[in-house]
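Each chain, written out:
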Amino acid sequence: NAAGVAFTGVEPSRILSGISRERNGVATHHAFMDAALARRLGCRFDLVVVRHVLEHIHDFPAFFEAIGLCLKPAGTLVVEVPYLGEIIRQRQFYAFFFEHLSYFSAQSLGRLFANHGFHIRQAEFVHPEGGSILVQAARSPAAAPADPVDCGPAGLVSLREAFAAFRGRFAELVRQEGRIAAYGAGQRGVTLLNLLGATPAQVAAIYDENTVYHGLCTPRSGIPVRPPAEMGRPGAPETVLILASSYDRQIRAKYREAGRRFVSLSEVLPETRRGG
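A quick note: this is a predicted structure, and the numbers were derived from the prediction, not measured.

A. Main features of the pairing of strand 7 (residues 180-183). Here strand 7 shows a buried face lined by Ile180 and Ala182 and a second buried face lined by Ala181 and Tyr183. Here strand 7 pairs with strand 8 (residues 203-207) via three bridges, running parallel. In the strand pairing of strand 8, Ile180 is matched with Val203. As a crossover connection, the stretch from strand 7 through helix 7 (residues 187-196) into strand 8 is right-handed. By the bridge criterion, three bridges tie strand 7 to strand 10 (residues 239-242) in an arrangement that is parallel.

Next comes the structure, spelled out in structure tokens:
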């Protein structure tokens, strides 16, 4: 690139790997990262960046073997994953869904790395995915990072308490409004509605900008997913619950002209801080 840095990408999605090559000019392999691909790439990289991938991995030994084969001995591994501590702190009981096979505290992430020959040198807590941990690791030994949030059993019990409170407040919101709509048909939003046992009689529609979802219904709850343009049509619910709460401010600003009352998750349950 213009900075003189050579990038190589690995992406199993055909669409995203094409965008990476054609739009961003990055030499990208349409493949899963494994030992065979790592051997073809060679041990030549000073830096390997893995963002929001590790939580989807089912075979950690194979994954770290591949990373070890293509990273130089003195190279740096950067990994970002959703942080369990933020899930607990923000009471994100809806953050557990099928696409994430693992959830990490700083302590458990440090142990995982150490088991495969890497050691975390630096940890930073950042905002993506409702709260994530971003770590830099290398092969040289280093002190394991500490958790700023209690990720033990007491923290997990608090999620159950938060859910019970949220369910009551949600039922009250529907009782007051009659029928509402929602915004955000991503994994967390759909998981939340399923946890609540929401029905189309309570939530008329979920608005989402992703055209792939339009015309479909959410699994189990059977709530139709509509284009945001339908938000302002006559007869549409006056109240819209924002499920994609990481984008709360942007959603309110973009659809202000629709004349709807937007409600954030934090308004339904004050203990639930902004996330997800």
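Further notes follow.
B. Main features of the pattern of salt bridges. Tallying each qualifying case throughout the model produces 11 salt bridges. Linking Glu65 and Arg39 is a salt bridge whose minimum nitrogen-to-oxygen distance equals 3.7 Å. Of this pair, Glu65 sits in helix 3 (residues 60-70) while Arg39 sits in helix 2 (residues 35-41); the two residues are 26 residues apart in sequence, bridging distant segments of the chain. Residues Glu80 and Arg51 are paired through a salt bridge, measuring 3.2 Å at the closest nitrogen-oxygen approach. With a gap of 29 residues between them, Glu80 in strand 4 (residues 71-82) and Arg51 in strand 3 (residues 45-51) connect regions that are remote in the sequence. For Glu80, a relative accessible area of 3% gives the class buried. Judged by its relative accessible area of 46%, Arg51 is partly exposed.

C. The arrangement of the side chain of Asp208 in detail. Within the secondary structure, Asp208 is located in the loop between strand 8 and strand 9 (225-226). In this structure, Asp208 is buried with no salt-bridge partner, the nearest side chain bearing the opposite charge being Lys254 at 10 Å. Sequence-distant contacts of Asp208, that is, excluding residues within four places in its chain, are made with Tyr183, Gly184, Ala185, Gly186, Tyr213, His214, Val225, Arg226, Pro227 and Pro228.

About the cut-offs
- Residues numbered from 1 in each chain as written.
- Predicted model: local features only at pLDDT ≥ 70, side-chain atom pairs only at ≥ 80, totals over all residues.
- Heavy atoms only, no water.
- Buried < 20%, exposed > 50% of the residue type's maximum accessible area, 1.4 Å probe, protein only.
- Helix = DSSP H or I, 4+ residues; strand = E, 2+ residues; numbered from the N terminus.
- Pairing = 2+ DSSP bridges.
- Right-handed = clockwise from strand over helix to strand, strands pointing away.
- Salt bridge = Lys/Arg side-chain N within 4 Å of Asp/Glu carboxyl O.
- Lys, Arg positive; Asp, Glu negative; His and termini not counted.
- Contact = heavy atoms within 4.5 Å.

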